[in-house]
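Residue-level structure breakdown
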Amino acid sequence: MKLGDAGKAQLRAEGFAFYDWGSADSGEARLVTSWQTTAEEAERMATALRLLKG
């Protein structure tokens, strides 16, 4: 799934942090977690991504 600029902006507005990835116009992002990421935080991101996908 490519987020595009609008999708990335929406996720960032919701407080998610991630890296832009690929070329400037690819719409790709790199999502990284740490061992400190809780299951609730991961589920919140998964839900936000599902909502973007529609």
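Residues numbered from 1 in each chain as written. Predicted model: local features only at pLDDT ≥ 70, side-chain atom pairs only at ≥ 80, totals over all residues. Heavy atoms only, no water.

**Topic: the nonpolar core**
We count it as follows: Here, the term nonpolar core denotes a set of buried Ala, Val, Leu, Ile, Met, Phe, Trp, Tyr and Cys residues that are joined through side-chain atoms within 4.5 Å. Accessible area is worked out with a 1.4 Å probe on protein chains only. A residue is then buried under 20% of its type maximum, exposed over 50%, and partly exposed in between. To qualify as a helix, a DSSP run of H or I must reach at least 4 residues; to qualify as a strand, a run of E must reach at least 2; elements of each kind are numbered from the N terminus. Whether two residues are in contact is decided by their heavy atoms: any pair within 4.5 Å suffices.
Core analysis: the biggest nonpolar cluster contains 7 residues, these being Leu3, Leu11, Phe16, Phe18, Met45, Ala48 and Leu49. Top element by residues in this core is helix H2 (residues 39-53). It accounts for 3 residues. For leucine 49, the residues in contact, after removing those within four places along its chain, are Met1, Leu3, Leu11 and Leu31.

**Some details on the side chain of serine 26**
Put simply, the rule reads: Here a polar contact means two N or O atoms within 3.5 Å. Within protein one must be a hydrogen donor candidate and the other an acceptor candidate, and residues neighboring in sequence count only if both atoms are side-chain atoms.
Looking at the element boundaries, serine 26 is found in the loop between strand S1 (19-21) and strand S2 (28-30). In this structure the side chain of serine 26 is engaged in a polar contact, spanning 3.1 Å, whose partner is the backbone oxygen of tryptophan 21. Among the polar contacts listed, one links the side chain of serine 26 to the backbone oxygen of serine 23, at a separation of 3.0 Å. When residues no more than four places from it in sequence are discounted, the contact partners of serine 26 are Lys2 and Trp21.

**Things to note about a nonpolar patch on the surface**
Note the following rule: To count toward a patch, a residue needs a relative accessible area over 30% and no salt bridge; like charges are then connected within 9 Å, while nonpolar side chains (Val, Leu, Ile, Met, Phe, Trp, Tyr) are connected within 5 Å. Note that accessible areas follow from Shrake-Rupley with a 1.4 Å probe, and for residues the cover is restricted to the protein chains shown. A pairing counts as a salt bridge when a side-chain nitrogen of Lys or Arg comes within 4 Å of a carboxyl oxygen of Asp or Glu.
Where nonpolar side chains cluster on the molecular surface, the patch consists of Tyr19, Trp21 and Val32 and spans about 350 Å² of accessible area. With respect to the secondary-structure elements, tyrosine 19 resides in strand S1.

**Quick look at the environment of leucine 3**
As for its placement among the helices and strands, leucine 3 is situated in the segment before helix H1 (4-13). Look at leucine 3 and you get buried, because its relative accessible area is 14%. Each C-alpha atom of the pair leucine 3 and lysine 53 lies 8.5 Å from the other, and the pair is 50 residues apart in sequence. Ignoring anything within four residues of it in the chain, the contact list for leucine 3 reads Lys8, Leu11, Phe18, Gly27, Ala29, Leu49 and Leu52.

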